[in-house]
Amino acid sequence: MKVIEYQEKYKADFIQFNTDWIVDNFGFLEPEDRETFEHIEDSLVQGGMIFFAVEDEVVLATCMAKPLNDDGVWELCKMGSNKQVSHKGAGSAVFEASMNWAIDHGAKKLFILSNSKLKAALHIYEKYGFQEIKLNDYEYVRGDIAFEYEVLR
């Protein structure tokens, strides 16, 4: 398995894995999801990056890092995996690559919005040192838990 940066040929995998995951777990896509999928290139131009874990040209997992503001806050989002194959640690690998990208590109704080029923994802966040935070608005209907990571320099 290798972790690679965004390539156009894997764009459909990014959208499909995330769509499957969201619909399987929550029943429907939200407008914010569609917005992300329709403007992937805009996120990349603004400094973001999507990572793919690939083995024998088959994408196993994907994750996106994108800047949220000019104050150094970045979001890690749209972590999805291929439900047809074993992941082999691919989720952790793309998550770590996304973290490193954001930090290498000036992130002072990393942010994640999630759902408390997603135990495997929550385990990854905690494994990498993210701390739960409380929000007044979780932005998505399915969002009920948030995490942040303070970058130490």
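For the structure, see preceding data.
Here the structure is a predicted model, which is why all the values come from computation and not from measurement.

> How would you summarise the overall build of the protein chain if you had to cite specific residues and measurements?
Within the protein chain one finds 5 helices and 7 strands. Each helix and strand of the protein chain, ordered N terminal to C terminal, gives the series β-α-α-α-β-β-β-α-β-α-β-β. Relative to the 2.2 N^0.38 estimate, which gives 15 Å for 153 residues, the radius of gyration of the protein chain is 14 Å and therefore close to what a compact globule would have. If you line up the protein chain on its principal axes, its C-alpha atoms span 40 × 35 × 30 Å. Accessible surface, the protein chain as shown: approximately 8000 Å² in total, 49% of it carbon and sulfur. Taken together, the 16 basic and 27 acidic charged side chains of the protein chain have centroids lying 4 Å from each other.

> An account of the nonpolar core is needed here, citing residue identities and associated values.
Core analysis: the biggest nonpolar cluster contains 48 residues, and I50, F52, L76, F95, L110, Y125 and F130 have the highest contact counts within it. Looking at which element gives the most residues to this core, the answer is helix α4 (residues 90-104), with 8 residues. With residues up to four places along the chain from it excluded, the contact list for I50 reads I4, E5, Y6, F14, I40, L44, T62, C63 and M64. Formed by 7 residues, the second largest nonpolar core is a distinct cluster that contains V73, Y138, Y140 and A146.

> Got a sec to walk through the pairing of strand β7 (residues 145-150)? Specific residues and values, please.
Sheet analysis places strand β5 (residues 109-114) next to β7, joined by 6 bridges and oriented antiparallel. Each residue of the ladder has a partner; that of S114, found in β7, is I145. Two elements, strand β6 (residues 131-133) and β7, share 3 bridges in a ladder whose sense is antiparallel. Paired with E132 across the two strands is F147, which belongs to β7.

> Any chance you could break down the environment of E75 for me, citing the residues and the numbers?
Locating E75 in the fold gives a position in strand β4 (residues 73-81). Beyond its immediate stretch of four places on either side in the chain, E75 contacts M64, A65, K66, L68 and F111.

> Before we move on, could you go through the packing of aromatic side chains and cite the residues and values that matter?
Evaluation of the coordinates by the stated rule reveals 10 aromatic pairs. Taken together, a centroid distance of 5.5 Å and an interplanar angle of 45° make the contact between Y10 and F52 tilted. Of this pair, Y10 sits in the loop between β1 (2-5) and α1 (11-26) while F52 sits in strand β2 (residues 49-55), and the two are 42 residues apart along the sequence. Of the residues examined, Y10 reaches a relative accessible area of 5% and is grouped as buried. Ring geometry for F95 and Y128: centres 5.5 Å apart, planes at 50°, overall tilted. Here F95 is found in helix α4, whereas its partner Y128 is found in the loop between α5 (119-127) and β6, with 33 residues between them in sequence. Each member of the pair, F95 together with Y128, is buried. Put simply, the rings of F95, Y125, Y128, F130, F147 and Y149 pair up and form one aromatic cluster.

> Tell me about the pairing of strand β3 (residues 58-67), and please be specific about residues and values.
Of all 10 residues that make up β3, 8 are buried, and the element is covered over most of its length. When β2 meets β3, the two strands line up antiparallel, connected through 7 bridges. Along β3, the bridge assignment pairs F51 with C63. Between the antiparallel neighbours β2 and β3 lie 2 residues, among them D56 with a positive phi of about 50°. Here β3 runs beside β4; their pairing, made up of 6 bridges, is antiparallel.

The rules behind each value
Numbering of residues begins from 1 in every chain and follows the order in which that chain's sequence is written. It should be noted that, the model being predicted, local features are given only for residues of pLDDT at least 70 and side-chain atom pairs only at 80 or more, the latter also being counted only at that level, while totals for whole chains, interfaces and linings use all residues. Computation of side-chain values covers all heavy atoms of the structure but excludes hydrogens and water. Note on conventions: DSSP H or I runs of at least 4 residues are helices, E runs of at least 2 residues are strands, and numbering of each starts at the N terminus. Values of the radius of gyration come from C-alpha atoms, whereas the globule rule sets the reference at 2.2 Å times the count of residues to the power 0.38. Note that accessible areas follow from Shrake-Rupley with a 1.4 Å probe, and for residues the cover is restricted to the protein chains shown. The sign given to each residue is positive for Lys and Arg and negative for Asp and Glu; His and the chain ends receive no count. Charge placement uses NZ in Lys and CZ in Arg. For Asp and Glu, CG and CD serve respectively. The term nonpolar core refers to a set of buried residues drawn from Ala, Val, Leu, Ile, Met, Phe, Trp, Tyr and Cys, joined through side-chain atoms within 4.5 Å. In this scheme, a residue with accessible area under 20% of its type's maximum is buried, one over 50% is exposed, and one in between is partly exposed, where area comes from a 1.4 Å probe on protein chains only. Contacts were defined at the residue level, with two residues in contact if any of their heavy atoms lie within 4.5 Å. One requirement defines pairing of two strands: DSSP has to find at least two bridges between them. When two rings of Phe, Tyr or Trp (its six-membered ring) have centres within 6.5 Å they constitute a pair, described as stacked for plane angles under 30 degrees, edge-to-face for angles over 60, and tilted for the intermediate range.

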